[in-house]
Amino acid sequence: MIALGIETSCDETAAAVVETTGEPSVPWRVRSNIIASQTRTHEPFGGVVPELASRQHIRDICGVVTQALERAGVAWPDVGAIAVTQGPGLVGSLLVGVSFAKAAGTARHIPVMPVHHLAGHIESLVLEHGEIPLPAAVLVVSGGHTSLYLVPEPGQYRLMGRTRDDAAGEAYDKVARLLGLGYPGGPVIDRLAQGGRDDAVPLPRPKFTHPDRNRLPDELIRSTVDLTRGVAEFSFSGLKTAVLRRLDDAGGVDALSPQVVADFCASFQRVVVESLIDQTLLAAQVLGARCVGVAGGVSANSRLRREAVARGQREGLPVFVPPLSLATDNAAMIAAAGLRKFSRGVPATLEFSACATIPIF
Ligand code: KG4
Ligand code: ZN
């Protein structure tokens, strides 16, 4: 089957063509993966402006889908299914993709499958590596999420824990702003960190001494792990505040030499990466996972990729990361997650709306 994936949950308008291979261990092949980034639109504002994002999606969606079909060498009659991100994300942005998918599905008589954005990030691992050993502990770490999922069976995703406050990508973006480095912060901090000393600025590791007051309701956590033990929990807002304090101690950002800015980047990145890897590997052990996955925009981070894989090798636990082209938001992962649902017998539907917040099951 040939599936068209559509992703418009935030500031990337994306469309991709993915086909099934018929080979159970490597179920899908990417035929095209087109992304129109809105970074330039939002850069002057230091973050995504939702209304501008929706308007840009409207301008871009038709061209992006046309390009995805052309690049894959397929025409509309070849497309057997459409998968579209239903949520979570910015509702105005999501609506553009969902409306396009429903309209195209209706006009062309093609089944439409709504997909959870984070299921897409998880399936990006399978797009690259083929089926991974299960149960898997998969960390989805992006601008909006830092959540750990257990994947017991193909297509089943159980939330085990998440950040108590900021997502890791959000912390990157906020710290980049504090350092006057522009938006999005992740890639620029990653780059500058390579020239900095990662022990130059003393920054604290988050500690979980109290139960989480914002703990998810029990029905949203299908967990065998007691989250109050802090096994699969993350926190980054204290780290961001600590960066702010150290900046004040140093006389403010304008007083910093480029080398000290690089030291700030490297020190911040070390704490984020260590905390992500330590918590994830600990949770994987507690859960008896056979492998670990790290997906989502922050999985593009060079230190996180390198250290997660190395740590897995040392501990005898395979660690999978997506290629850079599938780490940040894209529609190939959405097509894959849609094909996964089709293969599990989930019926296509037009009876759904875009949802800003939506549980994964
Ligand atoms: O998954 P994604 O594209 O969008 C969301 O679903 O949020 O993730 C975007 C996030 C941004 O916060 C961005 O700063 C971060 O991923 N990011 C990175 C890197 N590349 C993107 N963070 C750290 N290092 C990177 N190289
Ligand atoms: Zn994402």
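See the structure shown above.
Since the structure is predicted, the reported quantities are computational estimates derived from the model, not experimental observations. (Residues numbered from 1 in each chain as written. Chains lettered and ligands numbered in written order. Predicted model: local features only at pLDDT ≥ 70, side-chain atom pairs only at ≥ 80, totals over all residues. Heavy atoms only, no water.)

(A) Molecular detail of the coordination of the zinc ion (ligand 2). The protein atoms donating to the zinc ion (ligand 2) are His117 (NE2), His121 (NE2) and Asp329 (OD), with metal-donor distances spanning 2.1 Å. In the primary sequence, the donor residues of the zinc ion (ligand 2) line up as H-x3-H-x207-D. Placement of His121 in helix α4 (residues 117-129) and of Asp329 in the loop between α10 (324-327) and α11 (332-343) is noted, with a sequence separation of 208 residues between them. (Donors = N, O, S within 2.8 Å, 3.2 Å for Na, K, Ca; no water. Helix = DSSP H or I, 4+ residues; strand = E, 2+ residues; numbered from the N terminus.)

(B) Looking closely at the nonpolar core. Phe268, Leu276 and Val294 are the most contacted members of the largest nonpolar core, which has 47 residues in total. If we skip the residues at most four places from it in the chain, Val294 touches Leu125, Leu139, Val141, Ser299, Leu304, Ala308, Val319, Phe320, Val321 and Pro322. In this structure, Leu4, Val65, Phe100 and Ala354 belong to the second largest nonpolar core, which totals 27 residues. (Core = buried A, V, L, I, M, F, W, Y, C linked by side-chain atoms within 4.5 Å. Buried < 20%, exposed > 50% of the residue type's maximum accessible area, 1.4 Å probe, protein only. Contact = heavy atoms within 4.5 Å.)

(C) View of the sheet that holds strand β5 (residues 112-116). If you walk across this open sheet you meet the five strands as β3-β2-β1-β4-β5, and the pairing is mixed. In this open sheet, the two edge strands, each paired with only one partner strand, are β3 (28-37) and β5. For this sheet, the mean angle separating the axes of adjacent strands, direction not counted, is 20°. Relative to strand β2 (residues 12-20), helix α2 (residues 50-72) is tilted by about 25°, and along the sheet it contacts β1 (2-7), β2 and β3. (Pairing = 2+ DSSP bridges. Axes fitted to C-alpha atoms, helices over the stretch in contact; angles between N-to-C directions.)

(D) Structural detail: the pairing of strand β8 (residues 158-162). Inspection of the sheet shows strand β7 (residues 146-151) paired to β8 by four bridges, in the antiparallel sense. The residue bridging Ser147 from the neighbouring strand is Arg162, located in β8. As consecutive antiparallel partners, β7 and β8 are separated by six residues, and within that stretch Gly155 has a phi angle of approximately 85°, a positive value.

(E) Looking closely at the site of ligand 1. Taken together, the neighbourhood of ligand 1 is formed by 17 residues, with Gly143, Asp173, Asp190, Asn301 and Asp329 sitting nearest. Here Gly143 contributes a backbone N or O atom positioned 2.9 Å from an oxygen atom of ligand 1. One nitrogen or oxygen atom from the side chain of Asn301 is found 2.9 Å from a nitrogen atom belonging to ligand 1. In the complex, the protein chains occlude 89% of the 560 Å² of accessible area that ligand 1 would expose alone. Those elements giving two or more residues to the shell around ligand 1 turn out to be α4, α5 (168-178) and α6 (185-193). Taken together, the residues of the shell around ligand 1 break down into four nonpolar, ten polar and three charged. (Near = heavy atom within 4 Å. Polar contact = N/O pair within 3.5 Å; in protein donor to acceptor, adjacent residues only side chain to side chain. Areas by Shrake-Rupley, 256 points an atom, 1.4 Å probe, with all protein chains shown as cover. Nonpolar A, V, L, I, M, F, W, Y, C, P; charged D, E, K, R; others polar.)

(F) Expanded view of α11. The end-to-end C-alpha separation of α11 is 16 Å, in line with the 16 Å expected for twelve residues at 1.5 Å each. Most of α11 is tucked away: nine of the twelve residues are buried. Those residues of α11 lying buried are Ala332, Met333, Ile334, Ala335, Ala336, Ala337, Gly338, Leu339 and Arg340. Phi turns positive one or two residues past the end of α11, at Gly345, with a value near 85°. (Expected span 1.5 Å × (residues − 1).)

(G) How the structure looks around the packing of aromatic side chains. Applying the stated rule across the entire model yields one aromatic pair. Over the face of the ring belonging to Phe352 we find Lys102, whose NZ or CZ atom lies 4.8 Å from the ring centre. (Phe/Tyr/Trp six-rings, centres within 6.5 Å; stacked < 30°, edge-to-face > 60°. Lys NZ or Arg CZ within 6 Å of the ring centre and 35° of its normal.)

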